[in-house]
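Report on the structure
What follows is each chain in one-letter form.
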Amino acid sequence: MSSPPSYPGIRISGCRALGAEGGSNAESLDRLLPPVGTGHSPRKRTTSQCKSEPPLLRTSKRTIYTAGRPPWYNEHGTQSKEAFAIGLGGGSASGKTTVARMIIEALDVPWVVLLSMDSFYKVLTEQQQEQAAHNNFNFDHPDAFDFDLIISTLKKLKQGKSVKVPVYDFTTHSRKRDWKTLYGANVIIFEGIMAFADKTLLELLDMKIFVDTDSDIRLVRRLRRDISERGRDIEGVIKQYNKFVKPSFDQYIQPTMRLADIVVPRGSGNTVAIDLIVQHVHSQLEERELSVRAALASAHQCHPLPQTLSVLKSTPQVRGMHTIIRDKETSRDEFIFYSKRLMRLLIEHALSFLPFQDCVVRTPQGQDYAGKCYAGKQITGVSILRAGETMEPALRAVCKDVRIGTILIQTNQLTGEPELHYLRLPKDISDDHVILMDCTVSTGAAAMMAVRVLLDHDVPEDKIFLLSLLMAEMGVHSVAYAFPRVRIITTAVDKRVNDLFRIIPGIGNFGDRYFGTDAVPDGSDEEEVAYTG
């Protein structure tokens, strides 16, 4: 894919795009500025990804809630797209954050991550803390930032992975103990005074924007911000500005303007420039559409069932319960009762695949007993809403103190693709064995998305157990082909999926039958249809 367009030597309604002209003080940027005009390698195709907790953005007029995140991976389960990363540079208090939020609102696309460079100040030594307390530490120097952490964080975000971002306290000049988690992005907006001040960092940015604001306006904004929000006094702010902020801008920040694809004079007041930026980003995103379900429906047919599949033994009792819950005449009460019985049997069966080690205990009779004990750290259950949550009580009944996470995946009625709408996962889930629960799996599209989410949160593939009451062969093959180390456990496997992606002979829409809701006419068995608007 071609790199973002440049418009050498022209100004478009106050939005200036720069060509290869040099900037002042370039010789002072020893580690910083690569030669201008060096082309980027073709950018990988990008995808829809997101912040994990709505609402995305509150404005004076409305609240924008996140829509679903379409697949960011292919039928092989590997990432096929990277997020589109926009870098916003400019002097302190130039309006970068305001411009970023205006771009987010104008884009009106789901799953946008706003990443601020202010979160990545280095941890200060005791001597530096003392200097900062007396406004004698230069926070506007490149050495004040942890570029290694910035680069690794941005790389992981572009790859669709979960990241932990430090939270910086400007009143104490230190990082807070709790870090915040960001996951995924259709668009990443990275803003900061040194956004263009590292060669490796520049290569990660698909579009570079410099916000150019008059120095007097920046000083007034900085006074207002630092006094009202950061607990500083006027004398200290002015001292720091004259000693560090202004010289650093002249030496390190202003010269990076020549690296920008677009320069936005007057910052947030330049709505024409913001509209131009938004149009370009939209054109990039339109090239990144992907269809996964159709690919799954045509792949892996007539293959033997994988060895990672384990089907609960079809005893007369199990077949009897299947007969009841598959019968369209079964009442809701009986459907719930026998579904719960099957869930309990399924989970008990699944627990036998967890790692166990030898252990010896002393019995009340004073004798040793050579037994087994769980060899992992912890078990976490993750339900794919809404049907998957019906399996949670059965898991809690047999696993004491089990942690529970949730993932909401729905089918987009217009595209037929699964979309990730919400997730809440326990902390440090990467150390756990994860039991992923969904009641039915037809094509495997939703299950694959859920597995991908867990992998993006660093859960090892061989620690994921996918549990379902009923699966179609297509879904088994899709998951096993994409994730060959995921253990798949079910009570039955049906042969076919029809043109509406329903399992045949199947069980119907499990969620509707269990919760007593009206069925969606053309929905698949494995997710409910998303509502738009």
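Rules of the game
- Residues numbered from 1 in each chain as written.
- Predicted model: local features only at pLDDT ≥ 70, side-chain atom pairs only at ≥ 80, totals over all residues.
- Heavy atoms only, no water.
- Helix = DSSP H or I, 4+ residues; strand = E, 2+ residues; numbered from the N terminus.
- Buried < 20%, exposed > 50% of the residue type's maximum accessible area, 1.4 Å probe, protein only.
- Areas by Shrake-Rupley, 256 points an atom, 1.4 Å probe, with all protein chains shown as cover.
- Pairing = 2+ DSSP bridges.
- Contact = heavy atoms within 4.5 Å.
- Axes fitted to C-alpha atoms, helices over the stretch in contact; angles between N-to-C directions.
- Patch = residues over 30% accessible without salt bridge, like charges linked within 9 Å, V, L, I, M, F, W, Y side chains within 5 Å.
- Salt bridge = Lys/Arg side-chain N within 4 Å of Asp/Glu carboxyl O.
- Left-handed = near helix turned anticlockwise from the far one by under 90°.
- Phe/Tyr/Trp six-rings, centres within 6.5 Å; stacked < 30°, edge-to-face > 60°.

Turning our eyes to something else, we now look at the overall build of the protein. Each helix and strand in the protein was counted, giving 14 helices and 28 strands. Residue burial in the protein is summarised as follows: out of 533 residues, 55% are buried. When the accessible area of the protein is evaluated, it comes to approximately 24000 Å², of which 50% is carbon and sulfur surface.

Let us now look at the sheet that holds strand 25 (residues 493–494). The strand order 21-23-25 describes an open sheet built from three strands, whose pairing is parallel. Only two strands of the sheet have a single neighbouring strand rather than two, namely strand 21 (440–441) and strand 25. Bridge count between strand 23 (residues 470–472) and strand 25: two bridges; the pairing is parallel. Pairing of Met-471 across the sheet is with Val-493, part of strand 25. On the sheet, helix 13 (residues 473–482) packs against strand 21, strand 23 and strand 25 and is oriented at approximately 80 degrees with respect to strand 23.

Next up on the list: a nonpolar patch on the surface. On the surface, a nonpolar cluster with roughly 240 Å² of combined accessible area is contributed by Ile-227, Ile-234 and Ile-238. Structurally, the position occupied by Ile-227 is in helix 5 (residues 215–229).

Before going further, it helps to spend a moment on the packing of helix 9 (residues 316–326) against helix 10 (residues 332–351). Contact geometry for helix 9 and helix 10: axes closest at 9 Å, N-to-C directions at 145 degrees. With respect to the hand of their crossing, helix 9 and helix 10 are arranged in left-handed fashion. Taking contact as the criterion, the partners of Gln-317, Val-318, Met-321, His-322, Ile-324 and Ile-325 in helix 9 are, on helix 10, Glu-334, Phe-335, Tyr-338, Ser-339, Arg-341, Leu-342 and Leu-345.

Enumeration over the complete set of coordinates arrives at nine aromatic pairs. Centre to centre, the rings of Tyr-121 and Tyr-168 are 5.2 Å apart; their planes meet at 45 degrees, and the pair counts as tilted. With a gap of 47 residues between them, Tyr-121 in the loop between strand 6 (112–116) and helix 2 (126–133) and Tyr-168 in strand 8 (residues 168–169) connect regions that are remote in the sequence. Considered together, Tyr-121 and Tyr-168 belong to a single accessibility category, that of buried residues. Ring centres of Phe-145 and Phe-147 lie 6.4 Å apart, and the angle between their planes is 65 degrees; this geometry places the pair in the edge-to-face category. Both residues of the pair, Phe-145 and Phe-147, belong to the buried class. Chaining the aromatic ring pairs together yields one cluster made of Tyr-121, Phe-137, Phe-139, Phe-145, Phe-147 and Tyr-168.

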